[in-house]
Amino acid sequence: MQIKIFFNLFLFLMLIQPVALSRANDQLTAIVSILPQAYFLKRIGAEHIDVSVMVPEGGNPHTYEPTPTQLKKVSHAQLYVKMGSGIDFERAWMSKITYFNPDMTVCDSSQGIHLLEMKHDDPDFAHKKKDRHRVHHHGTKDPHIWLSPSNAIIMVENMKSSLAELDPAHRAIYEENTRELVADLLDLKQELSSHLETIAQREFFIVHPAWGYFANEFHLKQRAIEDFGKDPTPRQLTKIVHDAKKLNARIIFISPQFNSKNAKVIAREINGTVATIDPLAYDYINNLRKIAYMLGRP
Ligand SMILES: [Zn+2]
């Protein structure tokens, strides 16, 4: 959206619909970028917080643009929990969002998390490094931090600190809810570790490489089919098929937000199947558990 149209649309909405400043039943209004953050924040804040998510179910955080209604909501929110790891939605929109609501507290959930480099599987990458970095859709760091339970725990603690600061009256509740959530995340990490350490197939093939932190946490290796947001070249496709055959891979993973055409081609070549794993599901704990068991299938 052009910046000028964006501003005009926003002013227009402000004029036609004056907003009541009092909030229903004293809930704290908070906005997050993606659904897993909404899950964490709701578990911490429970009934004391009203959480809205910017990138809706099925939306792609690399390309999503907010609707005017969402921006209006943002302009009256008290808290924005950003991922902070460089996801494209925030790179494109955070400065506009804070411009419209300069009083809003912004919590950077990535604070204290070590960002990993995006992995480069392409053997030609070294020669093309300069070129690649120019077109790279993520920057050079991997933004998908939330998919490791250890990182999720750090994010949750950051969210709790912001909530407790904004609403000290409910601090004890936020701390208790956070303790429970962290315990669940530690259980999840333990369960997934014991399951994943037993599987023989340590490498998995996926179209959009969202699972770098997950792979890192559980000592697996993610192989991207997409080449930094672009379709692989025929030469890259051939190499992936060759490697997948050599490793005896049976499943090519896709995400609901991304094109599965190449995955189907590869699956056919290796006599395997395509399976969907969603990096953005709301029900974080059950989703990660489900995925761990899909990766671990014989
Ligand atoms: Zn992504």
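Quick caveat: nothing in here was measured; it's all calculated off a predicted structure.

Engineer: Run through helix α7 (residues 171-196), naming residues and quoting values.
Structural biologist: With 26 residues, α7 should reach 38 Å at 1.5 Å per residue; the first-to-last C-alpha distance of 37 Å fits that figure. Those residues of α7 that fall on the buried side of the exposure criterion are Tyr174, Asn177, Thr178, Leu181, Leu185 and Leu192. Tucked into the core, α7 has its buried residues touching α2 (35-45), α6 (149-166) and α11 (284-295).

Engineer: Tell me what's going on with the sheet that holds strand β8 (residues 273-276), and back it up with residues and numbers.
Structural biologist: Taken together, 4 strands build an open sheet; the order of strands is β6-β5-β7-β8 and the sheet is parallel. Strand pairing shows two members of the sheet lacking a second neighbour, β6 (221-224) and β8, which therefore form its edges. Between one strand and the next, the sheet's axes are offset by a mean angle of 40°, whatever the strand orientation. Bridge analysis of strand β5 (residues 203-206) against β6 gives 4 bridges, and the strand direction is parallel. Bridging across to β6, Ile206 finds its partner in Ala224.

Engineer: Break down α2 for me, citing the residues and quoting the values.
Structural biologist: Buried residues dominate α2, accounting for 9 of its 11 residues. All buried positions along α2 are accounted for by Leu35, Pro36, Gln37, Ala38, Tyr39, Phe40, Leu41, Ile44 and Gly45. Ala46 lies just past α2 and shows a positive phi near 45°.

Engineer: Describe the nonpolar core, with residues and values.
Structural biologist: Core analysis: the largest hydrophobic core is formed by 72 residues, its most contacted members being Val32, Phe40, Leu41, Met159 and Phe205. Here this core spans two domains, since at least three of its residues come from each of domain 1 (3-189) and domain 2 (196-295).

Conventions and cut-offs
- Residues numbered from 1 in each chain as written.
- Predicted model: local features only at pLDDT ≥ 70, side-chain atom pairs only at ≥ 80, totals over all residues.
- Helix = DSSP H or I, 4+ residues; strand = E, 2+ residues; numbered from the N terminus.
- Expected span 1.5 Å × (residues − 1).
- Buried ≥ 20, exposed ≤ 12 C-beta atoms within 10 Å, placed from the backbone.
- Contact = placed C-beta atoms within 7 Å.
- Pairing = 2+ DSSP bridges.
- Axes fitted to C-alpha atoms, helices over the stretch in contact; angles between N-to-C directions.
- Core = buried A, V, L, I, M, F, W, Y, C linked by C-beta atoms within 7 Å.
- Domains from an automatic or database assignment.

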